[in-house]
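Survey of secondary and tertiary structure
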Amino acid sequence: MVRSIAFLALVIWLGTQSASAGPIEYPQVIHTQYEAVDQKAGGHFVLWSEREKIFYGVDQKLFPGARFVDITQVTPSVGSITITYVEVRTVSSTSSDYLYLAGNVRFRVSGMTLKSSNFPAGGGMTPSGQ
């Protein structure tokens, strides 16, 4: 009985100890690349930056589909604004469009597959074939 109480007290004491996190390394760089499933039709890519939307692939005449999208997000230091570099190659062009953005940037991708990412495995942000 005394042993089980002592063991329980030890488990509670170890469970309440605080863990310290390691320092975060800066600059932080997140890189992802998507490629269209159908290279002739291209994929859909929508980017939101503050109040602006940028479309690729919604209407083939106005917004041609994206053949590939390469996104690099850089956070230079603690508390700084994230800088985002986006390269988009459309199905109707031999050269890429380059977008340089600062602040909160969100995007939605459909009809494309994730080809590369530097995210740790297991979070759904790495290619499944690797």
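Up top you'll find the structure we're talking about.
A brief structural summary. (Residues numbered from 1 in each chain as written. Predicted model: local features only at pLDDT ≥ 70, side-chain atom pairs only at ≥ 80, totals over all residues. Heavy atoms only, no water.)

Attention now goes to the nonpolar core. Judged by nonpolar contacts, the single largest core of 15 residues is most densely connected at F45, L47, V69, V86 and V88. Those elements that place two or more of their residues in this core are β2 (44-49), β3 (52-56), β4 (66-75), β5 (83-90), β6 (97-102) and β8 (112-117). The residues touching L47, leaving out its near neighbours within four places in the chain, are E52, K53, I54, V86, L101, V105, R106 and F107. (Core = buried A, V, L, I, M, F, W, Y, C linked by side-chain atoms within 4.5 Å. Buried < 20%, exposed > 50% of the residue type's maximum accessible area, 1.4 Å probe, protein only. Helix = DSSP H or I, 4+ residues; strand = E, 2+ residues; numbered from the N terminus. Contact = heavy atoms within 4.5 Å.)

Further remarks concern the packing of aromatic side chains. Ring pairs (aromatic) are described by centroid distance and by the angle formed between their planes. Applying the stated criterion across every chain, the model contains five aromatic pairs. On the numbers, 6.4 Å between centres and 70 degrees between planes, the contact of Y34 with F107 is edge-to-face. Placement of the pair is Y34 in strand β1 (residues 28-36) and F107 in strand β7 (residues 105-110), with a sequence separation of 73 residues. A relative accessible area of 10% means that Y34 is categorised as buried. You can call F107 partly exposed: its relative accessible area is 26%. Taking 6.0 Å as the distance between ring centres and 40 degrees as the angle between the ring planes, the aromatic pair formed by F45 and F107 counts as tilted. Here F107 lies in strand β7 and F45 lies in strand β2, a separation of 62 residues in the sequence. Residue classification places F45 among the buried positions, given a relative accessible area of 0%. Following the ring pairs from residue to residue traces out a cluster consisting of Y34, F45, Y56 and F107. (Phe/Tyr/Trp six-rings, centres within 6.5 Å; stacked < 30°, edge-to-face > 60°.)

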